[in-house]
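Residue-level listing of the chains:
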Amino acid sequence: MNTPRVLSVAGSDPSGGAGIQADLKAMSACGAYAMTVITALTAQSTKGVAGVHPVPVDFVRAQLDTLLDDITPNATKIGMLASRELAEVVGEYLQRLDNVVLDPVMVATSGDSLLAPDAIDTVRELCTKVDLITPNMAEAAVLLDCAVAATPDDLCAQAQALMDMGVRRVIVKGGHLDNVATDVYADEDGISLITAERINTCNTHGTGCSLSGAIAALRPATSTWYEAVARAKHYLTGAIGAADSLALGHGNGPVQHFYELWSCARDTVGTTLSFPTIPARTIR
């Protein structure tokens, strides 16, 4: 197929590690052409979130109408919705979108809240209308109104409970649960564990955004949702493994989305990209 066209509907992170910036990077690294509709502006860095400014609902609608009248995405990732009104508006467009991944963003890596309390029920309803949801352990607990999982068995039980709630497919992210990064994937065929090496780093800012963005980017070119999820998990593990090389910020730094591309560039031309000789400037 042609290059997949993938849309991110999410908030903006000035530090570049999460939100639409992370989505653009992850989607591009996974071979897709990435587009965005911005739902919220944030003032944040690797150290935390200082403020959230939701985009006016009418302008989010205008972004979606203008884009979808011209380009049809092959897949869509929905991230930060911030408010009940924004969640309701985005929900109106689901019938026009294929291969929709919802990352029910509620709390940032730093612990800062990114979703108004009165929006939880609306996001819970959206979870039953999309193709896949990607909550972390804390978000799964909020969606189910229960305690946070303490064991892999708890994760499996919560994944099943989300399915029983009407969710079509879910991957519950449990990377912080034990010494192996274990996520639980569930669909109508059953429950599977997807494991990877747990990497000892604090630079995990935007991992949830990056995983859901990668899944959306990979889904149009894969035969099943499970394959897209497993490939995205492999990609993210590599991005986390290279995160310390960026050495950005004084808090939870971002992952290295382009670890394969930058490594290839270094192997090909040394430590930096090469450019042709630039002629001396002539001033008239």
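Preceding this paragraph is the structure being described.
Bear in mind the structure is a predicted one, so any value in this text is a computation, not a measurement. (Residues numbered from 1 in each chain as written. Predicted model: local features only at pLDDT ≥ 70, side-chain atom pairs only at ≥ 80, totals over all residues. Heavy atoms only, no water.)

**What about the overall build of the protein?**
Line of reasoning, step 1. A count of helices and strands for the protein gives 9 helices and 9 strands.
Line of reasoning, step 2. Classification of the 284 residues of the protein by burial places 50% in the buried group.
Line of reasoning, step 3. Look at the contacts in the protein between residues 6 or more apart in sequence, and 65% of them connect residues 24 or more apart.
Line of reasoning, step 4. For the protein, the exposed surface amounts to about 13500 Å²; the carbon and sulfur share of it is 52%. (Helix = DSSP H or I, 4+ residues; strand = E, 2+ residues; numbered from the N terminus. Buried < 20%, exposed > 50% of the residue type's maximum accessible area, 1.4 Å probe, protein only. Contact = heavy atoms within 4.5 Å. Areas by Shrake-Rupley, 256 points an atom, 1.4 Å probe, with all protein chains shown as cover.)

**Quick notes on the side chain of N203**
Line of reasoning, step 1. Among the structural elements, N203 can be located in the loop between strand 9 (190-197) and helix 7 (207-218).
Line of reasoning, step 2. On the basis of relative accessible area, N203 is assigned to the buried category, the value being 12%.
Line of reasoning, step 3. Polar contacts involving the side chain of N203 include one to the main-chain amide nitrogen of G253, which spans 2.9 Å.
Line of reasoning, step 4. In contact with N203, other than residues within four places in its own chain, are A243, D244, G251, N252, G253, P254 and V255. (Polar contact = N/O pair within 3.5 Å; in protein donor to acceptor, adjacent residues only side chain to side chain.)

**Overview of the packing of aromatic side chains**
Line of reasoning, step 1. Applying the stated criterion across every chain yields a total of 2 aromatic pairs.
Line of reasoning, step 2. Seen from their ring centres, Y185 and Y226 are 5.6 Å apart, and the 65° between their planes marks the pair as edge-to-face. Of this pair, Y185 sits in strand 8 (residues 180-187) while Y226 sits in helix 8 (residues 225-241); the two residues are 41 residues apart in sequence, bridging distant segments of the chain.
Line of reasoning, step 3. Judged by relative accessible area, Y185 falls into the buried class, the value being 2%.
Line of reasoning, step 4. Under the relative-accessibility criterion, Y226 is labelled partly exposed at 36%. (Phe/Tyr/Trp six-rings, centres within 6.5 Å; stacked < 30°, edge-to-face > 60°.)

**Concerning the pairing of strand 3 (residues 48-54)**
The two faces of the sheet receive side chains in turn, since in a regular strand these alternate between them.
Line of reasoning, step 1. The sheet contact formed by strand 2 (residues 33-45) and strand 3 spans 6 bridges and is antiparallel. Bridged to Q44 within strand 3 is V49.
Line of reasoning, step 2. In textbook terms, the turn of a hairpin is the stretch between consecutive antiparallel strands, and for strand 2 and strand 3 this stretch comprises 2 residues. (Pairing = 2+ DSSP bridges.)

**A closer look at the packing of helix 5 (residues 137-144) against helix 6 (residues 152-164)**
Line of reasoning, step 1. Relative orientation of the contacting elements helix 5 and helix 6 amounts to 45°, with a least axis distance of 10 Å. By the angle between their axes, helix 5 is oblique relative to helix 6. With respect to the hand of their crossing, helix 5 and helix 6 are arranged in left-handed fashion. Here M137, A140, A141, L143 and L144 of helix 5 lie close against helix 6, whose contacting residues are L155, Q158, A161 and L162.
Line of reasoning, step 2. Broken down by class, the residue content of the contact of helix 5 with helix 6 amounts to 8 nonpolar, 1 polar and no charged. (Axes fitted to C-alpha atoms, helices over the stretch in contact; angles between N-to-C directions. Parallel < 35°, antiparallel > 145°, perpendicular 65-115°, else oblique. Left-handed = near helix turned anticlockwise from the far one by under 90°. Nonpolar A, V, L, I, M, F, W, Y, C, P; charged D, E, K, R; others polar.)

**With respect to the pattern of salt bridges**
Side-chain pairs of opposite charge can arise where the charged atoms are in close proximity.
Line of reasoning, step 1. Enumeration over the complete set of coordinates arrives at 13 salt bridges.
Line of reasoning, step 2. K77 is the salt-bridge partner of D23, the closest N and O atoms lying 2.9 Å from each other. Residue D23 is located in helix 1 (residues 19-29), and its partner K77 is located in strand 4 (residues 75-78); the two are separated by 54 residues in the primary sequence. Taken individually, D23 and K77 each receive the classification buried, so the pair is uniform in this respect.
Line of reasoning, step 3. Salt bridges sharing partners connect three or more residues here, namely R84, E85, E88 and D118. (Salt bridge = Lys/Arg side-chain N within 4 Å of Asp/Glu carboxyl O.)

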